[in-house]
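Chain residues, written in single-letter form:
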Amino acid sequence: MSEHAAKTKDRETLELALGEQIHALISASHALNVRSAERFDATLQPAAFHLVRWLYSYGPTSAAALAEATAMDRSSVSRLIKQLEKSGYVSKEQDPDDRRGILLSLTELGEQSTVNALKEKESAFYDRISRWDDEELGHFTSMLRQFNGLEG
């Protein structure tokens, strides 16, 4: 096998290993999201918690923007928002910048319930990095930002 072919094979092996680890991270994250959604409110679909989590992270927004940001169709978002509003987790208010628009935001109950639901997920990930020193954590965070396309 030529040196180039060996390097190509080594690179393929590394890329496959990376793919396996990314899949493991996505799978673990999904499982934790489902558990967090159940902890938030077991009567709601996990997709409702996905919307709540987005509102918690980024703040008030329109239903259309929320649908786009979460890659969900508008009818699903509308249905889930109605359920969240009925349960007291989400409120609607007039958009101060566009009097015709409606902004969705978390209520105090919604925020507190989100914080409670996220504690388990955060705990699981913090346990995994608890033995890392600051340099390792900084390097991992930097590499992950690059992988996510957030810095060049």
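Now for a description of the structure that goes with this document. Sequence positions are assigned chain by chain, starting from 1 and proceeding in written order. Local features in this predicted model are restricted to residues whose pLDDT is 70 or higher, and side-chain atom pairs enter the listing and the counts only when it is 80 or higher, whereas totals over whole chains, interfaces and linings include all residues. Neither water nor hydrogens contribute to the side-chain values; these are computed over all heavy atoms in the structure.

1. Remarks on the side chain of Thr107
For step 1, the next point in the chain: For helices the rule is a DSSP run of H or I covering at least 4 residues; for strands it is a run of E covering at least 2, with both sets numbered from the N terminus onward. Along the polypeptide, Thr107 turns up in the loop between β2 (98-106) and α5 (108-129).
For step 2, the next point in the chain: Here a polar contact is taken to be a pair of N or O atoms separated by no more than 3.5 Å, where protein atoms must pair a possible hydrogen donor with a possible acceptor and residues adjacent in sequence count only if both atoms sit in side chains. A polar contact is formed between the side chain of Thr107 and the backbone oxygen of Gly88, at a distance of 2.5 Å.
For step 3, the next point in the chain: Any two residues whose heavy atoms approach within 4.5 Å are treated as being in contact. Among all residues touching Thr107, those that are not within four sequence positions of it are Gly88, Tyr89, Val90 and Ser91.

2. Some details on the packing of aromatic side chains
For step 1, the next point in the chain: Working definition: rings of Phe, Tyr and Trp (its six-membered ring) pair if their centres are within 6.5 Å, and the pair is stacked with planes under 30 degrees apart, edge-to-face with planes over 60 apart, and tilted otherwise. According to the stated counting rule, one finds 4 aromatic pairs in the structure shown.
For step 2, the next point in the chain: Their ring planes at 45 degrees and their centres at 5.4 Å tell us that Phe40 and Phe49 sit as a pair that is tilted.
For step 3, the next point in the chain: Exposed residues in this analysis have more than 50% of their type's maximum accessible area, buried residues have under 20%, and partly exposed residues fall in between, with area computed by a 1.4 Å probe over protein chains only. Here Phe40 falls in the buried class, since its relative accessible area comes to 6%.
For step 4, the next point in the chain: Taking the centre distance of 4.5 Å and the plane angle of 45 degrees together, the rings of Phe40 and Tyr89 count as tilted. Taken together, the residues Phe40 in helix α1 (residues 3-40) and Tyr89 in the loop between α4 (74-86) and β1 (90-95) connect sequence positions 49 residues apart.
For step 5, the next point in the chain: Joined through ring pairs, the aromatic side chains of Phe40, Phe49 and Tyr89 make up one cluster.

3. Things to note about the environment of Leu25
For step 1, the next point in the chain: Topologically, Leu25 is positioned in helix α1.
For step 2, the next point in the chain: In this structure Leu25 comes out as partly exposed when scored by relative accessible area, which is 41%.
For step 3, the next point in the chain: Taking C-alpha positions, Leu25 is 35 Å from Ser2, a pair spaced 23 residues apart along the chain.

4. Remarks on the packing of α1 against helix α2 (residues 46-58)
For step 1, the next point in the chain: Here an axis means a line fitted to C-alpha atoms, over the contact stretch when the element is a helix, while the angle between two N-to-C directions is reported on a 0 to 180 degree scale. Axis separation between α1 and α2 bottoms out at 9 Å; the angle between their running directions is 90 degrees. Looking at the two axes, α1 sits roughly perpendicular to α2. Contact with α1, carried on its side by Asn33, Ser36, Ala37 and Phe40, involves Pro46, Phe49 and Val52 of α2 and no other residues of that element.
For step 2, the next point in the chain: Across the contact of α1 with α2, the residue classes tally to 5 nonpolar, 2 polar and no charged. Roughly parallel refers to an angle under 35 degrees, roughly antiparallel to one over 145, roughly perpendicular to one between 65 and 115, and oblique to any angle outside these ranges. Just so you know the grouping, Ala, Val, Leu, Ile, Met, Phe, Trp, Tyr, Cys and Pro go in nonpolar, Asp, Glu, Lys and Arg go in charged, and all remaining residues, Gly too, go in polar.

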